[in-house]
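# Analysis of the macromolecular model
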Amino acid sequence: MSDRDNEVPAAGRPVVLRGGTVLTMDDAHTVLTDADVLVVGDRIAAVGTALEVPDGTQEIDARGGIVMPGMIDTHRHMWQTAMRGYGADWTLTQYFVWYYLEHGKTFRPEDVHAGNLLSAWDALEAGVTTTVDWSHGLQTIDHAEAAVDALQAVPGRFVLAYGNIQAGPWEWTADPAVRAFLERRRRGSGDLLGFQLAFDVTGDPAFPEKAAFEAARDLGLPVTTHAGVWGATNDDGIRLMHEHGFMTPETVYVHASTLSSDSYQRIAATGGSASVSTESEQSAGQGYPSTWQLRRFDIPVSLSMDTSVWWSSDLFSAMRTTLGADRSREHLEAHAAGDTVTHVHLRAEQVVDWATRGGARALGRDDLGRLEPGAKADVVLIKNDASPVSFPLLNPYGHVAFQAQRGDVHTVIVDGRVVKYAHRLVGADLPALRRTIDATVEHLRSTMGEEAWAQGMNPDRPHDEVLDNPYQYTDYKSESTHDARPAVPAEPLL
Ligand SMILES: [Zn+2]
């Protein structure tokens, strides 16, 4: 079969991608040229040159393209996707005002459903085969049901990170209905849906979040937490988690930007990982994108896009901005010391690893993020014969990180199933999805009123209420952001 047929490979039959440059992302980061990847059932069956394939195998011509593992986004507020682009010029404070303080409550279950559906297809279209839905708008069980229903309606791999910004984590995790929901939806959810608990630790010395960590432990669920976020979470939260024994290898620290060496050492010592959302940190103000620090402490990294209120769900952007931010910082630090960087520390190969293996590691999924026999068949083909950017293909990691974009994603396979082919999603009813999203936008807009709607997109000034505490469920306020910091607020490299 050729692309010209524009015929989607039928479900259930083996598929072989023929003749591509294959980034296996195995332990040795083996790169094969003119190689094939054979998918049988939900697994990678073979990777190599001129593979023999079973009768009836469908062929996808990967010549001139790059075959790589599906990408993994470890932190994305999918429910916010119905507000795509609305907050392009926001700061984090304005985001907190809009979602935490004023309008987050306006989202109905059907609005969470609509945002999740759009976000899920958006991710698949960009070659992101696994997305952690950092779902902190679950103010009722109906909202939670709607979130999971949407994820299960799209043929991607998702992790619902259950959260609720409208109540203290010690409250909603104690709710028997929440626990029953988690137990029920986990049962028989299969391999395509996982669960985490999502909440933040304010640094309140009373450590009320302790009960939420205990709930996570009871339920056997990993915790994902926004850590090192200027004005919201800081070193105190990390220290409290550590002192109480809640920092574990499966804990994911989102952003991990405004933190001291002490916190990075605690994360490194307990084996957790950081989810870096460089585009977000650069615009919103959580702190300088942390990879340049995380590298010093050998803390594992995965990448994420955070929210489409500002950004896309496109990990090409994540790889590109992460390389830029890390290198920019390395040059800046060197220049401040009268020095010249002659070899950049962070390589394109490393960010491709973070976008694939890094995410798999963060989720404890050794069977994802690599193209090796026995691994899950989550595969992306980057190939766009109509684009002058597709050749020459000299440095495949560099090509992925700096040249490719979502429009170049030709084929996406999740769990052995072709979900995008010849640059088009398979089975997505986008006109229907658009009507659903329009209804959500109309609901939010009419509830807010035209003036508030326009003002929300271009806020004059932030509410003082959230400057020291975005979490409206607690009165605790940290003064930590009032202390002046050095001009470049982090410790020197050496
Ligand atoms: Zn976030």
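Residues numbered from 1 in each chain as written. Predicted model: local features only at pLDDT ≥ 70, side-chain atom pairs only at ≥ 80, totals over all residues. Heavy atoms only, no water.

Secondary-structure assignment places Gly56 in the loop between β3 (43-48) and β4 (58-61). A sequence separation of 43 residues divides Gly56 from Arg13, and the C-alpha atoms of the two residues are 6.9 Å apart. Among residues more than four places away in sequence, those in contact with Gly56 are Arg13 and Pro14. (Helix = DSSP H or I, 4+ residues; strand = E, 2+ residues; numbered from the N terminus. Contact = heavy atoms within 4.5 Å.)

Okay, the sheet that holds strand β9 (residues 193-198) next. Taken in spatial order, the eight strands make up an open sheet running β6-β7-β8-β9-β10-β11-β12-β13, and their pairing is parallel. Looking along the sheet, the strands with just one partner apiece sit at the ends: β6 (71-76) and β13 (301-303). The mean inter-strand angle of the sheet, taken between neighbouring strand axes irrespective of direction, is 25°. In the sheet, β9 pairs with strand β10 (residues 223-227) via two bridges, with the strands oriented parallel. By the bridge assignment, Leu197 is partnered in β10 with Val223. On top of the sheet, helix α11 (residues 315-336) reaches β6, β7 (128-135) and β13; it is set at about 85° to β6, its chief contact. (Pairing = 2+ DSSP bridges. Axes fitted to C-alpha atoms, helices over the stretch in contact; angles between N-to-C directions.)

Moving on: the coordination of the zinc ion. Within the first shell, the zinc ion binds the protein through His75 (NE2), His77 (NE2), His226 (NE2) and Asp306 (OD), at distances of 2.0 to 2.8 Å. Taken together, the four donor atoms coordinating the zinc ion span angles of 78 to 171° at the metal, a pattern that classifies the geometry as irregular. Sequence spacing of the donors to the zinc ion: H-x1-H-x148-H-x79-D. On the basis of relative accessible area, His75 is assigned to the buried category, the value being 0%. (Donors = N, O, S within 2.8 Å, 3.2 Å for Na, K, Ca; no water. Tetrahedral: all angles 85-135°; square planar, octahedral: opposite > 155°, others 65-115°. Buried < 20%, exposed > 50% of the residue type's maximum accessible area, 1.4 Å probe, protein only.)

In terms of domain boundaries, the protein chain breaks down into domain 1 (3-70 + 370-425) and domain 2 (71-362). Centre-to-centre, using C-alpha coordinates, domain 1 lies 28 Å away from domain 2. Facing 32 residues of domain 1, the contacting portion of domain 2 comprises 30 residues. Summing both sides of the interface, domain 1 and domain 2 together bury roughly 2600 Å²; the carbon and sulfur share of this comes to 63%. Contact with domain 2 buries surface across domain 1, with Phe402, Arg406 and Leu425 losing the most and accounting together for 25% of the total. One can count seven salt bridges joining domain 1 with domain 2. Lys420 is paired through a salt bridge with Glu125; the nearest N and O atoms lie 3.3 Å apart. (Domains from an automatic or database assignment. Buried area = accessible area lost by both parts, 1.4 Å probe. Salt bridge = Lys/Arg side-chain N within 4 Å of Asp/Glu carboxyl O.)

Enumeration according to the criterion identifies 28 aromatic pairs in this entry. Ring geometry for Tyr86 against Trp90: centres 5.8 Å apart, planes inclined by 85°, an arrangement best described as edge-to-face. The burial state of Tyr86 is the same as that of Trp90; both residues are buried. Geometry around Tyr288 places Arg329 over its ring, the cationic atom sitting 4.8 Å from the centre. (Phe/Tyr/Trp six-rings, centres within 6.5 Å; stacked < 30°, edge-to-face > 60°. Lys NZ or Arg CZ within 6 Å of the ring centre and 35° of its normal.)

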